[in-house]
Amino acid sequence: MERRGKRIILIAALSIIFCVAISCTLLFACSEDGDTNKHETLTEKSEITDIFCVPEMAVYDGAAHGIQIIGIKETDNVRYSTDGQTWKSEVITYADVGEYTVFCKVERNGFNDYIGNAKIIITPKEISTITAEDIVVIGGERIIPNLNGIEADDIIMFSVNSGEYREFIEQDIQSGTHNVKYTVTRKNHEIFIGQFKLTVIGGREIKIKINDEQYVVSYREQAAPKIKVATKENKIIVTVYEQETLEIDKYNYCESIIGVENIKRDYSENSLTAEIVKDEIEINLSKRRDEDVQDIEQGFLYDGAPHGIETDGEILFEIDGEYIKDELLYTEVGEYRTMGVVIKDGCLPRLIKCIVRIYPDMTGVYVSDNGVIEIDKTCAKLNNEEVEYMLGVEGGIIAGKEVQYKSGYIVFDGSDYFETKKNYFAININEELKIIERTVEYSEVRLSGNILEFVDCVSEVSYFTAEVKECVSGITINGVFREFDDNDEYKQCYITENELWKFQVVWIVV
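In what follows, the accompanying structure is described. Not measured: the values here are computed from a predicted model. (Residues numbered from 1 in each chain as written. Predicted model: local features only at pLDDT ≥ 70, side-chain atom pairs only at ≥ 80, totals over all residues. Heavy atoms only, no water.)

### Details of the overall build of the chain
Stage number 1. Broken down by element type, the chain carries 2 helices and 45 strands.
Stage number 2. Looking at the chain residue by residue over its 510 residues, the buried ones come to 35%.
Stage number 3. Sequence separation of at least 24 residues holds for 52% of the intrachain contacts in the chain that already meet a minimum separation of 6.
Stage number 4. When the accessible surface of the chain is split by element, carbon and sulfur atoms take 47% of a total near 31700 Å². (Helix = DSSP H or I, 4+ residues; strand = E, 2+ residues; numbered from the N terminus. Buried < 20%, exposed > 50% of the residue type's maximum accessible area, 1.4 Å probe, protein only. Contact = heavy atoms within 4.5 Å. Areas by Shrake-Rupley, 256 points an atom, 1.4 Å probe, with all protein chains shown as cover.)

Here it is, written out as structure tokens:
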């Protein structure tokens, strides 16, 4: 029985080992088959079919242009290349004229990479802003075409009468009218082609004597017969028939031109212009000192009389482009501006600003609830204190604040002060101001306890009373202290007619 039992156990063990071996074999087989399927999935991905590269075509506008990619998903990774080999994430764009190929690669999970390309074509822009004017020159003169709309980097070529294109027009062209074609080459633009008429005329000679030196210049018969002598950058420039022909050093002022008519001097540019009537002209130049001259500002208080610039030197005033010696005079309130020229021997004339101001005469007494302003010509008092008064055309400045002059009143510190001819008592009690009309020629001031009373001595009518909070021994009238006289019933003092007659406002301080 024991040996039989051992045999049964051995058979069972062998059976288990066999089963395990079979299971391992099957498991290995299944595992290997599974790896084979996975490999087939990685090497046989789907193609991306919903991506399209769209080319870009544009006329040059200075902006950057790139290809468009249609069908991109948020999870896609897009890269760009100019050769299909080297890739970068930045979008590739172009702005200059040309034809460019841009490659794109789209990476999407579970799909093969998409690689495509498209072209960017930028064509030249048309130039439409260039115009040319017909020109007339004297034979032998330098020919400068009059072109509008040209830019600094433009390349310009000229062809006269269908001849060879050159960078300039030759000066030895025969008299007559010629057709000039020109081309303008500008980066990123189409070549512009235009034309204009060139007329070459024969010239006449004019002899000019300048400080004993002789010059001969040519001029156009068709131009206005003008000569101009002007100072420019500390040199004298002579312009004959609208052409700058001579440049003279060492001088800065033209004294005169002989052999001309209708002479006109312009002091703003220090020039002399005249009409040519002879072919022989004499110009006298000089060197003058350049002295600084200040603008002139003068003010006058309105008095009904005319006023103008007052100065020791000679001044010419500009009126409608002409310079006159007559003094300009003004009467009414206002500010008057003009340009003047200061003339001094041996000095360059200097153009200056001339300003005359006529200020309103606000002399008078002005009263408001806030106090009293007293103005006497150019002096002012505010509540009986002298303050700074700056005259102004609109009123001026009093105590650092603007005052505006109106008809019958002034506006100061936001309040209206009305002008009056009446007489007033301005009573300052404990720094509180009270202004009352003065209806009598003199009065009595009484102090009974702490009650201050103003009494009309003629009618015995009390027309002002006030409570005085502090002990008072007297009062100040127009800046002069007055003690009270004792009376059985009260303390008193008199403001007499002699003390009142010369003051429109009597200031009393308690």
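### Observations concerning the pattern of salt bridges
Stage number 1. Summed over all chains, the structure comprises 22 salt bridges.
Stage number 2. With a closest N to O distance of 3.2 Å, Asp 50 and Arg 108 form a salt bridge. Within this pair, whereas Asp 50 is found in the loop between α1 (2-43) and β1 (52-54), its partner Arg 108 is found in the loop between β5 (98-107) and β6 (114-123), the two being separated by 58 residues in sequence.
Stage number 3. Using a relative accessible area of 9% as the deciding quantity, one classes Arg 108 as buried.
Stage number 4. A salt bridge links Asp 212 to Lys 209; the shortest N-O distance between them is 3.7 Å. (Salt bridge = Lys/Arg side-chain N within 4 Å of Asp/Glu carboxyl O.)

### Concerning the pairing of strand β28 (residues 371-376)
Stage number 1. Burial of β28 is extensive: 5 of the 6 residues sit out of reach of the surface.
Stage number 2. Judged from the 5 bridges that link them, strand β27 (residues 364-368) and β28 form a sheet pairing that is antiparallel. In the sheet register, Val 365 faces β28, and the bridge partner there is Glu 374.
Stage number 3. Hairpin connection, β27 to β28: the antiparallel pair is bridged by 2 residues. (Pairing = 2+ DSSP bridges.)

### Thoughts on the nonpolar core
Stage number 1. Ranked by internal contacts, the top residues of the largest apolar core, which has 21 residues, are Ile 208, Ile 227, Val 238, Val 240, Ile 257 and Ile 283.
Stage number 2. Counting only elements with at least two residues in this core, the list comes to β13 (204-210), β15 (226-232), β16 (235-240), β17 (243-248), β18 (253-258), β20 (271-276) and β21 (280-286).
Stage number 3. When residues no more than four places from it in sequence are discounted, the contact partners of Ile 208 are Glu 213, Gln 214, Tyr 215, Val 217, Ile 227, Val 238, Val 240, Leu 246, Ile 281 and Ile 283.
Stage number 4. Membership of the second largest hydrophobic core comes to 20 residues, among which are Ile 436, Leu 447, Leu 452 and Phe 464. (Core = buried A, V, L, I, M, F, W, Y, C linked by side-chain atoms within 4.5 Å.)

### Details of the sheet that holds strand β11 (residues 176-185)
Stage number 1. Pairing in this open sheet of 4 strands is mixed, and the strands run β8-β12-β11-β10 from one edge to the other. If you trace the sheet from one side to the other, it starts and ends with β8 (135-138) and β10 (155-160), each paired once. On average, each strand axis in the sheet is tilted by 30 degrees relative to the strand beside it, whichever way the strands run. (Axes fitted to C-alpha atoms, helices over the stretch in contact; angles between N-to-C directions.)

### Points about unusual backbone geometry
Stage number 1. With a phi angle near 65 degrees, Ser 162 is a residue other than glycine that sits in the positive phi range.
Stage number 2. Unusually for a residue other than glycine, Asn 262 sits at a positive phi of about 55 degrees.
Stage number 3. Tracing the chain through its elements places Asn 262 in strand β19 (residues 260-266).
Stage number 4. Judged by relative accessible area, Asn 262 falls into the exposed class, the value being 57%.

### Concerning the sheet that holds β19
What links the strands of a sheet is backbone hydrogen bonding, and the strands pair in either a parallel or an antiparallel sense.
Stage number 1. Strands sit in the order β17-β16-β15-β20-β19 across an open sheet of 5 strands; the sheet is antiparallel. Bordering the open sheet on either side are β17 and β19, each of which pairs with just one other strand. Between one strand and the next, the sheet's axes are offset by a mean angle of 20 degrees, whatever the strand orientation.
Stage number 2. Where β15 lies against β16, 6 bridges are found, and the strand directions are antiparallel. From the neighbouring strand, Ile 227 faces β16, where its bridge partner is Val 240.

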